[in-house]
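The primary structure of each chain is shown beneath.
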Amino acid sequence: MEEIFFGTASSTTAKNVYLHQEASSEFEKFGEGFQLGPYNTRHLLSDPRRIGFMIARHKFVAKMLHGYNNVLEIGCQEGLGSIVVSQEVNHVVATDFYRPHIESCLSRLTGIVSNIEFRGHDIIDAPIPENFDGAFSMDVIEHIEPAQEDRFMTNVVASLSEHGVLVLGAPSLESQQYASAASKAGHINCKSGEDMRTFCNRFFHKVFMFGMNDEVVHTGYLPMAHYLIALCVYPKKELAEQ
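Summarised in this report is the structure supplied together with it. None of these values were measured; they are calculated from a predicted model.

This paragraph deals with the packing of helix α2 (residues 38-46) against helix α3 (residues 49-64). As a packed pair, α2 and α3 sit with axes 6 Å apart at the nearest point and diverge in direction by 120°. In terms of orientation, α2 and α3 fall into the oblique class. Contacts between α2 and α3 pair N40, H43 and L44 from the former with R50, I51 and M54 from the latter. When its residues are assigned to classes, the contact of α2 with α3 shows three nonpolar, two polar and one charged.

Here's what the structure looks like:
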């Protein structure tokens, strides 16, 4: 035992904690360890707070969709948020239109997370009409051309069941004065809180707005929120059928 620990003063009880973890079968499926994708690796090493923010946003999604059977993710990136949500729902269909993201997810996560199905798909092209009872899309709508946002939402609605729920998240318009030049270049469709509510109300019968600052989700004054989350309930299916 002494060969794998530094020093001799710590108790056998303390050392057994580590030995028990090493012997646990739960770790076998991870092999030498879980590998982040290149985007999230860069974020972790350059600004690890961003990983904390991402996980916090997806924890909120997971709690809102707790117990749901079949959930659609639009814009899964490298699958880190997908993993968080998968802990609370039965099945996640995680989609992205960027082929390297999907290929990365398949190469790193196949056989490790059994209830996530990664698919390449562009929601602007078409819905995924599988009657999902929940959907979420975090940090996507701000990258969509305003002229295409109705098509985006119509196809999301067409992918949901009549009682489906969407969790939609994006940086607020007010936050953009603090954004980097690179972020501003890609953030072509940020909205204020009330504009986000108005937009979502066109496609859902009920919309509940939340603000977020760092890892904290709140119901405070939306113009002071750095990030916006819309919880959208009861899709207006008639819009998707037109």
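The rest of the description comes next.
On to the packing of aromatic side chains, then. A full pass over the atoms with the stated rule returns three aromatic pairs. Ring centres 5.5 Å apart and planes at 65° place the aromatic pair F199 and F203 in the edge-to-face group. Note on accessibility: F199 and F203 belong to one class, buried. Positioned over the ring face of Y39 is R42, at 5.2 Å from the centre of the ring. For R57, the ring lying beneath its charged end belongs to Y227, and the centroid distance is 3.7 Å.

Let's shift gears to the nonpolar core. Core analysis: the biggest nonpolar cluster contains 31 residues, and F152, M153, L166, L168, C200 and F204 have the highest contact counts within it. Elements with a minimum of two residues in this core: β1 (70-74), β4 (132-138), α6 (149-159), β5 (160-171), α8 (193-201), β6 (204-213) and β8 (227-235). Once you skip the residues sitting within four places of it in the chain, C200 turns out to touch M153, L168, V207, A230 and C232. The next biggest cluster of nonpolar side chains, apart from the first, holds 29 residues, and it includes V61, I112, V167 and L231.

What follows deals with the state of the cysteines. All told, the structure shown has zero disulfides when counted by the stated rule. Among the cysteines around C105, which has no disulfide bond, C76 carries the closest sulfur, lying 4.5 Å off. Classification of C105 by relative accessible area gives buried; the value is 0%. Note on C232: no disulfide assigned, nearest cysteine sulfur contributed by C200 at a separation of 3.8 Å.

Where strands meet in a sheet, backbone hydrogen bonds hold them as pairs that are either parallel or antiparallel. Taken together, the eight strands give an open sheet; going across it, the order is β3-β2-β1-β4-β5-β8-β6-β7, and neighbouring strands pair in mixed fashion. With partners counted over all chains shown, the strands left at the sheet margins are β3 (116-120) and β7 (216-218), one partner each. Averaged over all pairs of adjacent strands, the angle between strand axes in this sheet comes to 20°, irrespective of strand direction. α6 rests against β1, β4, β5, β6 and β8 of the sheet, and its axis sits at about 140° to β5. α8 contacts β5, β6 and β8 of the sheet and is inclined by roughly 155° relative to β6.

Conventions and cut-offs
Residues numbered from 1 in each chain as written. Predicted model: local features only at pLDDT ≥ 70, side-chain atom pairs only at ≥ 80, totals over all residues. Heavy atoms only, no water. Axes fitted to C-alpha atoms, helices over the stretch in contact; angles between N-to-C directions. Helix = DSSP H or I, 4+ residues; strand = E, 2+ residues; numbered from the N terminus. Parallel < 35°, antiparallel > 145°, perpendicular 65-115°, else oblique. Contact = heavy atoms within 4.5 Å. Nonpolar A, V, L, I, M, F, W, Y, C, P; charged D, E, K, R; others polar. Phe/Tyr/Trp six-rings, centres within 6.5 Å; stacked < 30°, edge-to-face > 60°. Buried < 20%, exposed > 50% of the residue type's maximum accessible area, 1.4 Å probe, protein only. Lys NZ or Arg CZ within 6 Å of the ring centre and 35° of its normal. Core = buried A, V, L, I, M, F, W, Y, C linked by side-chain atoms within 4.5 Å. Disulfide = S-S within 2.5 Å. Pairing = 2+ DSSP bridges.

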